[in-house]
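# Fold and geometry: a report
The chain contents come next:
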Amino acid sequence: MSTKTDTVAKKGYDVEEIRAQFPILKELVHGKPLVYFDNAATSQKPRRVIKAESAYYATINANVHRGVHTLSTKATEAQEAARETARAQINAKHAHEVIFTSGTTASINLAATSLGQLLLKKGDEVVISGMEHHSNIVPWQLACERHSAVLKVIPITDSGEWDLKQVPFSERTRILAISHVSNTLGTINPVKKLIAQAKKKGIVTVVDGAQAAPHLRIDVQDLGADLYAFSGHKAYGPTGTGVLYGREELLERMPPWQGGGEMIETVTLGKSTWAKLPFKFEAGTPHIAGIIGLGEAIRWMQDYDLGAMAAHERALLEYATKELLAIEGLRIIGTAKEKVGVISFVIDGVHHYDLGTLLDQQGIAVRTGHHCTQPLMDRFGVSGTTRASFACFNTIDEVDALVAGVTKGAKMLR
Ligand SMILES: Cc1ncc(COP(=O)(O)O)c(C=O)c1O
């Protein structure tokens, strides 16, 4: 099955060995082998991650940071080991700069609420880009509304990249919030370059790394990001888990966004004081099992060569792009030179929803619709696209199945 894959991917990349670790890939959908190309929505999970999560419930289930008993100590140690693993993965300076959240959405809401309170005054500006996921638009709209600030937008070029000649920085810009990788276009954005420009102007930078975490080596210190958000479930980890990295000095100044247990140092009925980092931002019982699973997912990725995974996905992207473009009337939205394995396309006379439904009949899972990027859809004048997004376990044979399915679907639906 992997012969063709091996010829296009980096030598030594054993996709079958990787596939064997994902139990779900043995499932049939409508009697056909599952072809899973919806990894940008959520990736599948290797057995190790599933086991780690259930082992917590089976052997050490207890609340963290609360008890003196053995199980609580073990649960706390396992959770904090995951924090250290996440720290190393993104090269943060300190483990306490890693805040666990329920996902990128929660991370950005935390950032927008807390930074809004810390930084935004009437007439101040927040800059985002025109390719952001709704999760990196709406929290900033809410923050701007709360503080009478103004949201400004970096326009997007025809190839699906930031128009760096039109970055609307001004002396009132306080925050830059941008995605590392676009979930709809696959574009890998020049975040380091823009962060450097922002820093010179004293602008605080927030990066949505939801689509970068599964594909790119992330080094928050090298990027210079003040805050960096990602989700566990898009990077082979459990749903309901995420990280907000923050530079220590900034986190110290940021107010908490949720109140409750564990985030306090002292409470009186009149006033409370806050716990030290990272707990100031982690009110309530966390998703302990999920966090342990997230740590295992990161360790699983670390056991492989991320560069080899990226090269494999790049090979799939290039092959799929070439083959899909041969289909009459098919247009790819997002043609940047630097992309991860994401292809969004439209076909003249074919509705994406109908195509997605037909592909599902053949066992092929793709995403259809606006992908939570409605402003980007407006920019390209489409109501939605069909999106195939690749992971390390996908194969060239699966791309062939997709291309055959799209070809057949386009003929039937036109
Ligand atoms: C670029 C981007 N940002 C944010 C999110 C939101 O992530 P979550 O739903 O895991 O909070 C997504 C999810 O698709 C995304 O692709």
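For the structure itself, look to the data block above.
To start, this report covers the structure provided alongside it. Here the residue numbers are simple positions, counted from 1 along each chain's written sequence. Two thresholds apply to this predicted model, a pLDDT of at least 70 for residue-level local features and 80 or more for giving and counting side-chain atom pairs, whereas whole-chain, interface and lining totals are computed over all residues. Just so you know, side-chain values use all the structure's heavy atoms and leave hydrogens and water out.

### As for the overall build of the protein chain
Where helices and strands are cited, they refer to DSSP runs of H or I of at least four residues and of E of at least two residues respectively, numbered from the N terminus. Within the protein chain, the regular secondary structure consists of 14 helices and 17 strands. A compact globule built from 414 residues should have a C-alpha radius of gyration of about 22 Å, and the protein chain, at 22 Å, falls within 12% of that. The contact criterion used is simple: two residues touch if any of their non-hydrogen atoms lie within 4.5 Å. Long-range pairs, those at least 24 residues apart, make up 72% of the contacts in the protein chain with a sequence separation of at least 6. Exposure was quantified through the Shrake-Rupley algorithm and a 1.4 Å probe, taking into account, for residues, occlusion by the shown protein chains and nothing else. Per element, the accessible surface of the protein chain, about 17,200 Å² overall, is 54% carbon and sulfur. Within this scheme the basic residues Lys and Arg register as positive and the acidic residues Asp and Glu register as negative, but His and the chain ends are omitted. Here the site of a charge means atom NZ of a Lys, CZ of an Arg, CG of an Asp or CD of a Glu. Across the protein chain, the centroid of the 46 positively charged side chains sits 3 Å from that of the 44 negatively charged ones. Every radius of gyration here is taken over C-alpha atoms, with the globule rule written as 2.2 Å times N^0.38, N being the number of residues.

### Looking at unusual backbone geometry
In this structure, the amide linkage connecting Leu277 to the following residue, Pro278, adopts the cis form with an omega of 0°. Relative to the elements of secondary structure, Pro278 occurs in the loop between strand E12 (272-274) and helix H10 (288-302). Within the chain, Ser148 stands out as a residue other than glycine whose phi angle is a positive 55°. Inspection of the secondary structure puts Ser148 in the loop between helix H6 (138-147) and strand E6 (150-154). The cut-offs for exposure are 20% and 50% of the maximum accessible area for each residue type, with area from a 1.4 Å probe on protein chains only; residues under the lower value are buried, those over the upper are exposed, and the others partly exposed. The exposure class of Ser148 is partly exposed, given its relative accessible area of 42%. Positive phi outside glycine occurs at His371, with the angle close to 55°. Position of His371 relative to the elements: it lies in the loop between strand E16 (367-369) and helix H13 (374-380). The exposure class assigned to His371 is buried, which follows from its relative accessible area of 5%.

### Focus: the sheet that holds strand E13 (residues 330-333)
Think of it this way: DSSP has to see at least two bridges between two strands before they count as a pair. The 4 strands lie next to each other as E13-E14-E17-E16, forming an open sheet whose pairing is antiparallel. Both outer strands of the open sheet, E13 and E16, are each paired with one neighbouring strand and no more. Strand after strand, the sheet turns through a mean of 30° between neighbouring axes, direction not considered. Only the stretch in contact is used when fitting a helix axis, every axis being a line fitted to C-alpha atoms; angles between N-to-C directions are given from 0 to 180 degrees. Taken strand by strand, helix H11 (residues 306-325) contacts E13 and strand E14 (342-347), and its axis lies near 5° from that of E14.

### Section: the environment of Ser102
By the element assignment, Ser102 lies in the loop between strand E4 (98-101) and helix H5 (104-119). Given a relative accessible area of 48%, Ser102 falls into the partly exposed group. It is 27 Å that separates the C-alpha atoms of Ser102 and Val153, two residues lying 51 residues apart in sequence. Ser102 has contacts with Gly240, Thr241 and Gly242, leaving out every residue within four places of it along the chain.

### Re the environment of Ala283
If you trace the backbone, Ala283 turns up in the loop between E12 and H10. Judged by its relative accessible area of 24%, Ala283 falls in the partly exposed class. A sequence separation of 14 residues divides Ala283 from Leu269, and the C-alpha atoms of the two residues are 18 Å apart. Excluding anything up to four places from it in sequence, Ala283 contacts Gln258, Gly259, Gly260, Gly261 and Met263.

### Overview of the pairing of strand E10 (residues 242-246)
Burial analysis of E10 places 5 of its 5 residues in the buried class, which makes it a mostly covered element. The side-chain alternation of E10 yields two buried faces, one formed by Gly242, Leu244 and Gly246 and the other by Val243 and Tyr245. Where E4 lies against E10, 4 bridges are found, and the strand directions are antiparallel. When the sheet's bridge partners are listed, Val98 is paired in E10 with Tyr245. In terms of strand pairing, strand E9 (residues 227-231) meets E10 through 5 bridges, oriented antiparallel. Bridge pairing in E10 links Tyr228 to Tyr245.

### Brief notes about empty space enclosed by the protein
Here the term cavity refers to a set of points on a 1 Å grid, laid over the protein atoms alone, in which a 1.4 Å probe fits but cannot get out; the term pocket refers to an open set having protein on both sides within 12 Å along at least five of seven lines, with lining residues being those that place an atom within 4 Å of a point. Grid points are joined across faces, edges and corners, and a volume is the space filled by probe spheres set on the points. Considering all chains together, one arrives at 3 cavities of 30 Å³ or more under this definition. Along its surface, the largest cavity is lined by Gln89, Ile90, Ala213, Leu216, Ile218, Phe230, Ala235, Leu294, Ile298 and Met301. Where the lining of the largest cavity is concerned, the elements lending two or more residues are helix H4 (70-90) and H10. Per-element tally for the lining of the largest cavity: the top contributor is H10, with 3 residues. The residue classification treats Ala, Val, Leu, Ile, Met, Phe, Trp, Tyr, Cys and Pro as nonpolar and Asp, Glu, Lys and Arg as charged. All others, Gly included, are polar. Class assignment of the residues belonging to the lining of the largest cavity gives a composition of 9 nonpolar, 1 polar and no charged.

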